[in-house]
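Per-entry structural report
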Amino acid sequence: MAEFLSLHDAVARYVQDGATVAMEGFTHLIPFAAGHEVIWQKKRDLTLIRMTPDIIYDQMIGAGCAKKVIFSWGGNPGVGSLHRLRDAVEKGWPCKIEILEHSHAAMACAFEAGAAGLPLAVFRGYIGSELPSVNDQIKFIECPFTGERLAAVPSVRPDVSIIHAQRADRQGNVLVEGIVGVQKEAVLAAKHSIVTVEEIVDDLNAHPNACVIPSWAISAVAVAEKGALPSYTHGYYGRSNRFYKEWDAIARDRDTFTQWLDENVYRKEEKR
Amino acid sequence: MAEFLSLHDAVARYVQDGATVAMEGFTHLIPFAAGHEVIWQKKRDLTLIRMTPDIIYDQMIGAGCAKKVIFSWGGNPGVGSLHRLRDAVEKGWPCKIEILEHSHAAMACAFEAGAAGLPLAVFRGYIGSELPSVNDQIKFIECPFTGERLAAVPSVRPDVSIIHAQRADRQGNVLVEGIVGVQKEAVLAAKHSIVTVEEIVDDLNAHPNACVIPSWAISAVAVAEKGALPSYTHGYYGRSNRFYKEWDAIARDRDTFTQWLDENVYRKEEKR
Amino acid sequence: MSLEYTSSEMMSVTAARALENGMTCFVGIGLPSEAANLARLTHAPEVVLIYESGTLQTKPDILPLSIGDGELCESALTTVAVPEMFRYWLQGGKVDVGFLGTAQIDRFANLNTTLIGDYKAPKVRLPGGGGAPEIATNAGEVFITLKHSKRAFVKDVDFVTTLGFGRDGKGRDNVPNIGKGPTRVITDLCVMKPDPETKELVVVSLHPGVTREEVIDATGWDIRFAEQLESTPEPSENELTILRELKARTERAHAGE
Amino acid sequence: MSLEYTSSEMMSVTAARALENGMTCFVGIGLPSEAANLARLTHAPEVVLIYESGTLQTKPDILPLSIGDGELCESALTTVAVPEMFRYWLQGGKVDVGFLGTAQIDRFANLNTTLIGDYKAPKVRLPGGGGAPEIATNAGEVFITLKHSKRAFVKDVDFVTTLGFGRDGKGRDNVPNIGKGPTRVITDLCVMKPDPETKELVVVSLHPGVTREEVIDATGWDIRFAEQLESTPEPSENELTILRELKARTERAHAGE
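In short, a report on the structure. Since we're looking at a predicted model, the values are computed, not measured.

What counts and how
- Residues numbered from 1 in each chain as written.
- Chains lettered and ligands numbered in written order.
- Predicted model: local features only at pLDDT ≥ 70, side-chain atom pairs only at ≥ 80, totals over all residues.
- Heavy atoms only, no water.
- Axes fitted to C-alpha atoms, helices over the stretch in contact; angles between N-to-C directions.
- Helix = DSSP H or I, 4+ residues; strand = E, 2+ residues; numbered from the N terminus.
- Parallel < 35°, antiparallel > 145°, perpendicular 65-115°, else oblique.
- Contact = heavy atoms within 4.5 Å.
- Nonpolar A, V, L, I, M, F, W, Y, C, P; charged D, E, K, R; others polar.
- Salt bridge = Lys/Arg side-chain N within 4 Å of Asp/Glu carboxyl O.
- Buried < 20%, exposed > 50% of the residue type's maximum accessible area, 1.4 Å probe, protein only.
- Pairing = 2+ DSSP bridges.
- Buried area = accessible area lost by both parts, 1.4 Å probe.
- Polar contact = N/O pair within 3.5 Å; in protein donor to acceptor, adjacent residues only side chain to side chain.
- Phe/Tyr/Trp six-rings, centres within 6.5 Å; stacked < 30°, edge-to-face > 60°.
- Lys NZ or Arg CZ within 6 Å of the ring centre and 35° of its normal.
- Lys, Arg positive; Asp, Glu negative; His and termini not counted.
- Core = buried A, V, L, I, M, F, W, Y, C linked by side-chain atoms within 4.5 Å.

**Digging into the packing of helix 1 (residues 7–18) of chain D against helix 7 (residues 237–255) of chain D**
All names here are of chain D. Viewed as axis vectors pointing N to C, helix 1 and helix 7 meet at an angle of 105 degrees, and their least axial separation amounts to 11 Å. One way to sum up the angle between helix 1 and helix 7 is to call them roughly perpendicular. Along its contact with helix 1, which presents Glu 9, Ser 12, Val 13 and Arg 17, the element helix 7 presents Glu 239, Leu 240, Leu 243 and Arg 244. Its residues assigned to classes, the contact of helix 1 with helix 7 shows three nonpolar, one polar and four charged.

Here it is in structure tokens:
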């Protein structure tokens, strides 16, 4: 059964320095509140997994939380580069980070395989791409029935996965709705999981085939109202496209970034 | 785009003698009306794929439609044997049939792999089971990352899949709700597909993550009211557990079966 | 005060008691389903029942006739596709206990639901494996319940549909990512557990009024008894009442159309 | 009567026209998304648009800024999980055309969205592969649209993120279960198609007012022109109006919070 914890306590308990962490949400439902909590608690040496690092990992990388990033598309969607990711990769600021890159199909299949308890994902991919030459985790197997050469990647099995969702009921069962990405897979693939939600309700009022993650498959549920902003929560609030655009200027420069972090994460969180 | 056809025309066009056919529905939404149409049109030499042959394949086998059955659990749920399946396997009546048997996990993964366009499914299965000694389609591969031995089976890629669903809209998009089994996978894995529905509506009124199969992924949609009876359609009518129990006596004997078939399929269909 | 109850009721109640509150249980149809729901309605209200039809955390008011009755979906937390059920929930390691029935079982708790006789020329053709082969290996542990008879309890099964501990008792040794396998077998006569060393089934508890001879006569091999042989606790009045009500409700529901 | 339009508009309209009504199109964000939605709002009302965020058959009223904007889900027939999107819909062969942008493209239509320079010490780090590597091989065919420049159109890409026809033009030969690959490249100057034999990109159509020299100057290899070089038809007034309205709606929507 999931335990109801404060976001502070959930992160303190489950996100250990050096852990492999997946914070998922495919554009939608990105767990920003949890990301800020990780920054505020000064977690270090994390291996961060995410299909699209997005602003959330740009902030965490800039804050010095990461030693490695595993991803498949590392940009600010519709805007441009992730400057903090680039600064870390290219110039080692604030610390050197290692990157391991995949395609979306590979990572989606790797999350699926992780949820399915398998050590590998098999798919028809990477044909003619040079990514296998720079990622030694991409291998190829031969189909024993047809002889076809298929790609294989290790499944994703994080120490802890963190997602944001619309709501939980009082037993800790969680409803995810809209663009569900690989969130359910991330939770099921992980040893531990934290789900932040907009609210706790008496009844999820879910349709028969809704994406509901049972309480017993989750470690902790924490309320984080507006916990996805500047990303969005379908049915609750929209995406702040404006902030995504503004982020480009903030993140471009180390000083403006540091100032932003100070004002919007360190000091804001202290006031709690 | 799916074409709206009568059930007669859909079966006549897409179910060819000798074809590999999957008629799915996991206890729920079993396409009985379509099965009777296949019997009435005297289709022959079909390879029938279904996780649970259930009464529908018992009837089709007894009527002489099948030359081979691929399945993972061949009983009358909660009642007992499928007598027509047994009579065909054990005594060759009305014709000899070949069987190829799997476990549910293998077939579920094989449908998934078929929908995913892959030649094989890889899963952790058949450990210590003797099924691989009687089914040469079960092989084992070694994970290139961990060395673990995993089972592999060919994916399911039927010539035609037939399912029953609640409703279609006027564009031919189909909503499946409740116990959805492997129905979507069956449709997506097949070269052609027929979906029978209870009704055609203006608007599916589906929630954002509903199991909706788009019109362009279906060959034909045919209205078949009560098309799943004695199985059931969630939201429309219940399962006739009574008929499932009665079937045991009907199917036990070749004569009573033949009489039932005559009265309930051949003559009934002629009246149309 | 001694209650009146049948050996079937004794079996169901004992099987139900094996389930602890809060466990996630992948439920086979028939006797396991009866026992699992009895557990949920008595001492284990938060036991999580999963059926292979995709119904997660279901709370049926009547016992399903089939593995995919509407009742299972209507009372479930949510219903997932069957590939997801087998991949994410069972193979993904979310199931504490698989609860299975069987037609044949041998001394190493291997299960046969495929056929009696030879595969090419069966004497009796049974339904086949269904979910059992992977439930037995992917669940944390396995409970088995069936009626005791010499036809069912054989020295060696005709066909290993589903692994217990293999034909030599060593079938799980050094296999990675595999569950503990059968940890108890509950019949209408007794409870058996595998010997920690040899994995051969041993009677650990006799149901009230059952003799060693009855078990020996109903078992197709030279069955052993634990040194500390226990007597299975009797059903309580509450358990019997709830079981009987459940079965009566079920019968009424299935008699209708 | 001659209409006023920009070269960007010419590119979008030409790219849109490449899509036929009823096609299923896996849409990349940015220029492909603009073109695909213009097609849907003009000559191809039944074109099926699929975005990798899981939104199937979506009909956004404004262009999404990200690949997973709420608008995409709200106007979709249904939304599936991302693994299902890549497995069932793309790899499962349900996509007629993948519509991609890119940072770099070479003469064999290989795409680079990974980096400029050397992998270990990049001059410019780009976002990476995203969905493109498998869109390009699993879709029936691929359309590519991007602005023409010598920086973008290079003889050999620094890194093959996504297969066109390989570094020798033979990258798809004898590969089973692979799509046709890039069948046209639409820029603000011209339309290119691969030579049927060598697979090298050849200009087949020049946009009105564009000279061969302009294309040659904006291309990083010795670009060839088709013998029957055509002139791309101009945008219609209707196309321009609808494109401009779409972009105005989009700008208004994205300017708000």
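**Some thoughts on the pattern of salt bridges**
For the structure shown, the criterion picks out 42 salt bridges over all chains. For the salt bridge of Arg 87 of chain C with Glu 112 of chain A, the shortest nitrogen-to-oxygen distance reads 3.0 Å. Linking Arg 87 of chain C in helix 4 (residues 82–91) with Glu 112 of chain A in helix 5 (residues 104–115), this pair reaches from one chain into another. One salt bridge connects Glu 130 of chain A with Arg 167 of chain D, and the closest N-O pair in it is separated by 2.7 Å. Of this pair, Glu 130 of chain A sits in the loop between strand 8 (120–123) and helix 6 (131–134) while Arg 167 of chain D sits in the loop between strand 10 (141–145) and strand 11 (182–186), which puts the two residues in different chains. The partly exposed category is assigned to Arg 167 of chain D, whose relative accessible area is 35%. One continuous salt-bridge network, built from bridges that share partners, spans Arg 84, Asp 87 and Arg 254 of chain A.

**Brief notes about the pairing of strand 15 (residues 220–223) of chain A**
Residue and element names in this part refer to chain A. As defined by bridge partners, strand 1 (residues 3–4) adjoins strand 15 across two bridges and the pair is classed as parallel. Within strand 15, the residue paired with Phe 4 across the bridge is Val 221. Here strand 13 (residues 192–201) pairs with strand 15 via four bridges, running parallel. Looking at strand 15, one finds that Thr 196 is bridged to Ala 222.

**Description of the interface of chain A and chain D**
With 47 residues of chain A at the interface, the matching set in chain D holds 45 residues. Carbon and sulfur atoms supply 58% of the area buried between chain A and chain D, which totals about 4000 Å² over both sides. Broken down residue by residue, the surface that chain A buries against chain D is led by Arg 124, Ile 127 and Glu 130 of chain A, which jointly contribute 16%. Inspection of the region where chain A meets chain D yields two salt bridges. A salt bridge links Glu 101 of chain A to Arg 125 of chain D, with the shortest nitrogen-to-oxygen separation between them at 2.6 Å. Per element, the largest residue contribution to the side of chain A that touches chain D is five residues, and it comes from helix 5 of chain A. The residue inventory of the side of chain A that touches chain D, partitioned by class, reads 19 nonpolar, 17 polar and 11 charged.

**Observations regarding the interface of chain A and chain C**
Facing the 16 residues of chain A at the interface are 17 residues of chain C. Summed over both partners, the interface of chain A with chain C buries about 1600 Å², with 57% contributed by carbon and sulfur atoms. At the junction of chain A and chain C, the tally comes to two salt bridges. Taken together, the connections running from chain A to chain C amount to 10 residue pairs in polar contact (both at pLDDT 80 or more). Contributions of two or more residues to the side of chain A that touches chain C are made by helix 5 and helix 7 (183–189) of chain A.

**Topic: the packing of aromatic side chains**
Scanning the entire structure with this criterion turns up 20 aromatic pairs over all chains. An angle of 45 degrees between the planes, with centres 6.1 Å apart, marks the rings of Phe 243 of chain B and Trp 260 of chain B as tilted. Of the two residues, Phe 243 of chain B is situated in helix 8 (residues 241–252) and Trp 260 of chain B in helix 9 (residues 254–270); the sequence distance between them amounts to 17 residues. Classification of Phe 243 of chain B by relative accessible area gives buried; the value is 16%. Taken together, a centroid distance of 6.3 Å and an interplanar angle of 35 degrees make the contact between Phe 153 of chain C and Trp 221 of chain C tilted. Pair noted here: Phe 153 of chain C is in the loop between strand 10 (141–145) and strand 11 (182–186) and Trp 221 of chain C is in the loop between helix 6 (212–217) and strand 14 (224–231), with a separation of 68 residues, a long-range link. Across the pair, exposure class does not vary: Phe 153 of chain C and Trp 221 of chain C are buried alike. An aromatic cluster of three or more residues is present, and its members are Phe 243, Trp 247, Phe 257 and Trp 260 of chain A. The positively charged end of Arg 239 of chain B is found above the aromatic ring belonging to Tyr 244 of chain B, 3.7 Å away from the centroid.

**Quick look at the side chain of Asp 58 of chain B**
Residues and elements named next belong to chain B. Note that Asp 58 resides in helix 3 (residues 54–62). Of the side chains with opposite charge, Arg 84 lies nearest to the buried Asp 58, which makes no salt bridge, at 5.6 Å. At 2.7 Å, the side chain of Asp 58 and the backbone nitrogen of Leu 85 are in polar contact. Discounting chain neighbours no more than four positions away, the residues touching Asp 58 are Leu 82, His 83, Arg 84, Leu 85, Trp 247 and Ala 251.

**Examining the sheet that holds strand 8 of chain A**
Residues and elements named next belong to chain A. Ordered by their spatial adjacency, three strands build an open sheet running 8-10-9, and the pairing between neighbours is antiparallel. What marks the edges here is a single partner per strand, and that holds for strand 8 and strand 9 (139–142). Strand-to-strand twist in this sheet, taken as the mean axis angle between neighbours without regard to direction, amounts to 35 degrees. Strand direction decides the pairing type here: strand 8 and strand 10 (residues 149–154), joined by four bridges, are antiparallel. Paired with Phe 123 across the two strands is Ala 151, which belongs to strand 10. Relative to strand 8, helix 5 is tilted by about 135 degrees, and along the sheet it contacts strand 8 and strand 10.

**Some points on the nonpolar core**
One finds Met 60 of chain A, Met 60 of chain B, Leu 19 of chain C together with Leu 19 of chain D to be the most contacted residues of the largest nonpolar core, which totals 342 residues. Ignoring anything within four residues of it in the chain, the contact list for Met 60 of chain A reads Met 23, Gly 35, Val 38, Ile 39, Leu 46, Leu 48, Cys 65 and Ala 66 of chain A. Judged by nonpolar contacts, the second largest core, of six residues, contains Leu 175, Val 201, Ala 210 and Val 212 of chain A.

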